[in-house]
Amino acid sequence: MTAVIINIIALGAFAFAFSRNRQKALKSIKVAAKMFLGILPMLIIIILLIGLLFGFVSEEGLQQFIGEQSGPLGVLLVAVTGAVLHIPALLAFPLSASLLAKGASITIIATFITSLTMIGVVTLPLEIKELGGRFAALRNGTSFVAALTISLLMGLVI
Amino acid sequence: MNKKIKQWVPVIALALISAVLLYLQPEARTPFGTTVLDYTMELIVVLPAVLLLMGLLSLFISNQFISAHLGSESGLKGMAVAFLLGTLPTGPVYMAFPIARTLRDKGARVANIYIFLSAWACIKIPQELVELRFLGAEFMIYRLVFTVIMVSLLSLFVEKFAHKP
């Protein structure tokens, strides 16, 4: 059902764009194909990792680290991992879904997604260069706080 | 080494590791195989649409469009516009840094720049669609709501402390 909605939205947007500017709309297909090739290596890596997760990792083992009982230390560890990792957000969602299916907690998954997308340790030098050290520190620091708060709230409501 | 070839090295390495592990542990083959197939199918039905949407957004929402609309409104409306504009572009957040810099140089509010960057990072529309597909509506909506609340509050905090000669 959601897949149908997503495809309708994309096709609708394409039809609208096509009516406005044919050439640009057709070019977007090319851009999309290029983006696909760009994420393809990472896509395959993520799918293989998910396969390995289901083939070789026991639920008990995984839950010790990122399950309900992992506690504050687990959350903190995942927050730092998310901050350091450099995975396209698009691919973080299937990975997260697989971890949830294996018994990871909602709090942990929300922490992972938020810190992965908002905090960039790898891109920090670029951020400092463009926006200054003070702003970069404030932005990444507050994003860390945001990641923890958002995920704790999500753990409470879901 | 060519960059295009280089990015395939970890892929091949992981594929080889997987093959060895599966050879050594035959009982893992079925769960591995069905999972890989499942997730590949899940992605095939949404990824082309999401990428097409991203392609459209990247061509039709230009940096100039963003600069022209961000910072022209003030107060709550300005913050709402910053959120909205942040959800439209595509690409990782570091691509937004130069835009944010231009906006700041033009005198846009720090809170709005912070909101724009945060929205760009974690609540972009194509991204939210994939989240909806894989994690469900409940997860997506709660994360969206909490993110908007937290980012709004923190934007004011950052604005307060960002100004220093």
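Residues numbered from 1 in each chain as written. Chains lettered and ligands numbered in written order. Predicted model: local features only at pLDDT ≥ 70, side-chain atom pairs only at ≥ 80, totals over all residues. Heavy atoms only, no water.

Notes on the interface of chain A and chain B
Basically, it comes down to this: Whether two residues are in contact is decided by their heavy atoms: any pair within 4.5 Å suffices. Accessible area that two parts lose when put together, with a 1.4 Å probe and added across both, is what the buried area reports. What makes a salt bridge here is a side-chain nitrogen of Lys or Arg within 4 Å of a carboxyl oxygen of Asp or Glu, nothing more.
Listed as interface residues are 70 residues of chain A and, on the opposing side, 70 residues of chain B. Overall, the association of chain A and chain B removes approximately 6,500 Å² of surface from exposure, summing both partners, and the carbon and sulfur fraction of that is 82%. Between the two partners, chain A and chain B, sit 1 salt bridge. We note a salt bridge from Arg101 of chain B to Glu130 of chain A, for which the minimum N-O separation is 3.4 Å.

Things to note about the nonpolar core
For clarity, the cut-off: For this analysis, a nonpolar core means a set of buried residues of the types Ala, Val, Leu, Ile, Met, Phe, Trp, Tyr and Cys, connected via side-chain atoms within 4.5 Å. Accessibility here uses a 1.4 Å probe with only protein chains present; expressed as a share of the type maximum, an area under 20% marks a residue as buried, one over 50% as exposed, and anything in between as partly exposed. By the criteria applied, helices consist of DSSP H or I runs no shorter than four residues and strands consist of E runs no shorter than two, each listed in order from the N terminus.
By size, the foremost hydrophobic cluster in this structure holds 95 residues, and its most contacted members are Leu99 of chain A together with Phe116, Leu117, Phe134 and Phe139 of chain B. In terms of residues, this core owes the most to one element, helix α3 (residues 29-60) of chain B, which gives 12 residues. If we ignore the near neighbours within four places in the chain, the residues touching Leu117 of chain B are Leu131, Phe135 and Arg139 of chain A together with Val93, Ala96, Phe97 and Ala100 of chain B. Membership of the second largest hydrophobic core comes to 5 residues, among which are Phe14, Ala17 and Ala25 of chain A together with Leu52 of chain B.

Describing the side chain of Glu128 of chain B
Mapping Glu128 of chain B onto the fold places it in helix α8 (residues 125-162). Each residue touching Glu128 of chain B, except ones within four places of it in the same chain, is listed here: Cys122, Ile123, Met140, Arg143 and Leu144 of chain B.

What about the domain arrangement of chain B?
Residues and elements named next belong to chain B. Selection criterion: Each domain's limits were defined by an automated method or a database of domain assignments. Polar contact is defined as a pair of N or O atoms within 3.5 Å, subject to the rule that within protein one atom must be able to donate a hydrogen and the other to accept it, and that residues adjacent in sequence are counted only when both atoms are side-chain atoms. Under the scheme applied here, ten amino acids are nonpolar (Ala, Val, Leu, Ile, Met, Phe, Trp, Tyr, Cys and Pro), four are charged (Asp, Glu, Lys and Arg), and all others, including Gly, are polar.
When its domains are assigned, chain B resolves into domain 1 (1-60) and domain 2 (62-165). One C-alpha centre belongs to domain 1, the other to domain 2; they are set 30 Å apart. Contacts between the two partners involve 11 residues from domain 1, matched on the other side by 8 residues from domain 2. In total, about 920 Å² of surface goes out of reach between domain 1 and domain 2, with carbon and sulfur atoms giving 75% of it. Of all residues in domain 1, Glu42, Val50 and Leu57 give up the largest surface area on contact with domain 2, accounting jointly for 42% of the area buried on that side. Applying the counting rule to domain 1 against domain 2 returns 1 salt bridge. Put simply, Arg133 and Glu42 hold a salt bridge, and the shortest N to O gap is 3.4 Å. Inspection of the region where domain 1 meets domain 2 yields 1 residue pair in polar contact (both at pLDDT 80 or more). Partitioning the side of domain 1 that touches domain 2 into residue classes produces 9 nonpolar, 1 polar and 1 charged.

Comments concerning the pattern of salt bridges
Evaluation of the coordinates by the stated rule reveals 7 salt bridges over all chains. A cluster of three or more residues bridged by salt bridges with shared partners is formed by Glu130 of chain A together with Arg101 and Asp105 of chain B.

Focus on the packing of aromatic side chains
Stated formally: For Phe, Tyr and Trp, where Trp contributes only its six-membered ring, two rings pair if their centres lie within 6.5 Å, and the inter-plane angle classes them as stacked under 30 degrees, edge-to-face over 60, or tilted in between. Sitting over a ring, as applied to charges here, requires NZ of Lys or CZ of Arg to be within 6 Å of the ring centre and within 35 degrees of the ring normal.
Within this structure, the stated rule accounts for 6 aromatic pairs over all chains. Relative to Phe161 of chain B, the ring of Phe157 of chain B lies with its centre 4.8 Å away and its plane at 45°, an arrangement referred to as tilted. One end of the pair, Phe157 of chain B, and the other, Phe161 of chain B, are both in helix α8, 4 residues apart, so they sit about a helical turn from each other. Among the residues examined, Phe157 of chain B registers a relative accessible area of 38% and is labelled partly exposed. Here the guanidinium or amino end of Lys24 of chain A rests over the ring plane of Phe60 of chain B, the centre of that ring lying 4.9 Å away. For Lys102 of chain A, the ring lying beneath its charged end belongs to Phe54 of chain A, and the centroid distance is 5.4 Å.

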